[in-house]
Amino acid sequence: MRENFDLNSLPKARVCFVKPMLAQSVPELPTDNKEWFYEIKLDGYRCLLGKTASKVTLWSRRGNLFTQQFPAVARAGKALDPGTLLDGEVVAVDEAGRISFNLLQHHRSKAQAMQFYAFDIVLYRGRSLMDLTLERRRELLNEALSTLRDPIRLSEAFETAPSDLVRAAKQHSLEGIVAKRRDSLYEPGKRTGAWVKYRINRGQEFVVGGYTPDHPFDALIVGYYKGDQLFYVGKVRNGFVSQVRREVYGKFKRLEVKNCPFSNLPEKRRTQWALTWDEMKNCKWLRPELVAQIEFAEWTPDAHLRHSKFVGLRDDKEARTVVREEF
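Note that the structure is a prediction, hence the values are computed from the model and not measured.

Across its full length, the chain holds six helices and 19 strands. Its C-alpha atoms give the chain a radius of gyration of 21 Å, within 12% of the compact-globule value 20 Å for 327 residues. Taking the principal axes of its C-alpha atoms as reference, the chain extends roughly 70 × 40 × 40 Å. Within the chain, the proportion of its 327 residues that are buried is 50%. Accessible surface computed for the chain: about 16,500 Å², of which carbon and sulfur atoms make up 45%.

Here it is as structure tokens:
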């Protein structure tokens, strides 16, 4: 920290939920590492961790409470100074040391695998840091975490060439790279372009708008929002084990509706990915609230998913925010 910096000169603020700042998807990373920090894109749940004088609270990106779901992280957060609010990601690490979103789905039985990686700090010692640059906030984040231990860790910011990071991320099967402007302020809930994300794997969130029945179901019917309209993109059959299939099916009953929620159905041209009027007779429709993480090989020319695979449900994502991401 610079010697002339006075934390008490910043506005007072109390610990409460704020909407996390968001990253914009880009087809390539900015290359000027004098203006940008680079971080590994973590495949987990976005999480805010707040410490008051009396308790620790964890929130999802939608403002839902995460405290009971991740008790080890909450316990570790007690070592923070009161009046602190961290922004980060809860991830699950498997026995090989790899981040696993599937493992995160079973956090109650795999609590020892959970880690919280902090990459930003919004409040510190009762003062708002939102109007400080990211570079300064990172300095304060290092200070705030200096006495903490697992499962709370610092998400490292790299200053190397992004091409080297992308190469390393591909070798280790990581999800992607996030780039953030060093001078960026913290703007809650906004996607300004000061933070950008570059995906290495082909995958993103999609909204579940229906399913094809079987024992208990054969495929999820998924899509994304464009404005107020939900667009169908494919049927997802792969990626399920029996237990996960039953767990996902258990969420359908409260969401069942009679009418199809997709604005671009039925499709007239018959392909292996399309849903025609005849095929729709076998579909069950859902109120579009569930969000699923889906991996796929590529987009087809007619905007369907090719070789899609279910990864997990995203309880931390709001369905209306799910759009088609650019790669």
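The next subject is the environment of Ala-292. Tracing the backbone through its elements, the reader meets Ala-292 in strand E16 (residues 291–295). With 69 residues separating them in the primary sequence, Ala-292 and Gly-223 have C-alpha atoms 9.9 Å apart. Once residues within four sequence positions are removed from consideration, Ala-292 is found in contact with Gln-204, Glu-205, Phe-206, Val-208, Phe-310, Gly-312, Leu-313 and Arg-314.

Let us look at the environment of Glu-279. Within the secondary structure, Glu-279 sits in helix H6 (residues 277–280). With 13 residues separating them in the primary sequence, Glu-279 and Pro-266 have C-alpha atoms 8.8 Å apart. When neighbours within four sequence positions are excluded, Glu-279 is seen to be in contact with Lys-235, Arg-270 and Ala-274. Within polar-contact distance, the side chain of Glu-279 engages the backbone nitrogen of Thr-276 at 2.9 Å.

Here helix H5 (residues 242–249) has its buried residues at Val-244, Arg-245 and Val-248. The buried residues of H5 occupy an angular sector of 100° when projected down its axis, which confines them to one face. Exposed side of H5, more than 90 degrees from the buried face: Ser-242 and Arg-246 are the residues found there. For H5, the elements touching its buried residues are strand E12 (217–226) and strand E19 (309–313).

Our next topic: unusual backbone geometry. Negative phi values dominate among residues other than glycine, just as trans dominates among peptide bonds. A cis amide bond, omega 10°, links Asp-150 with the succeeding residue Pro-151. Topologically, Pro-151 is positioned in the loop between helix H3 (134–144) and strand E8 (152–154). With an omega of 0°, the peptide bond between His-215 and Pro-216 qualifies as cis. Within the secondary structure layout, Pro-216 lies in the loop between strand E11 (203–213) and E12. Phi at Ala-303 takes a positive value of approximately 65°, unusual for a residue other than glycine. Residue placement: Ala-303 occurs in the loop between strand E17 (298–299) and strand E18 (305–306).

Here we come to the pairing of E19. In terms of burial, E19 is a largely internal element, four of the five residues being buried. In this structure, E16 lies alongside E19, joined through four bridges in antiparallel fashion. Each residue of the ladder has a partner; that of Glu-295, found in E19, is Lys-309.

Next up on the list: the sheet that holds strand E1 (residues 24–25). Strand order in the open sheet formed by four strands is E1-E10-E9-E2, and the pairing between neighbours is mixed. Either end of the sheet is taken by a strand with one partner, and the two such strands are E1 and strand E2 (36–41). Of the pairings in the sheet, the one linking strand E9 (residues 176–181) to strand E10 (residues 195–199) comprises five bridges and is antiparallel in character. Pairing of Ala-179 across the sheet is with Val-196, part of E10. Relative to E2, H3 is tilted by about 55°, and along the sheet it contacts E2, E9 and E10. Its contacts with the sheet place helix H4 (residues 162–171) against E2, E9 and E10, and it is angled at close to 150° to E9.

Cut-offs used in this document
Residues numbered from 1 in each chain as written. Predicted model: local features only at pLDDT ≥ 70, side-chain atom pairs only at ≥ 80, totals over all residues. Heavy atoms only, no water. Helix = DSSP H or I, 4+ residues; strand = E, 2+ residues; numbered from the N terminus. Rg over C-alpha atoms; globule rule 2.2 N^0.38 Å. Buried < 20%, exposed > 50% of the residue type's maximum accessible area, 1.4 Å probe, protein only. Areas by Shrake-Rupley, 256 points an atom, 1.4 Å probe, with all protein chains shown as cover. Contact = heavy atoms within 4.5 Å. Polar contact = N/O pair within 3.5 Å; in protein donor to acceptor, adjacent residues only side chain to side chain. Arc of directions from axis to C-beta. Pairing = 2+ DSSP bridges. Axes fitted to C-alpha atoms, helices over the stretch in contact; angles between N-to-C directions.

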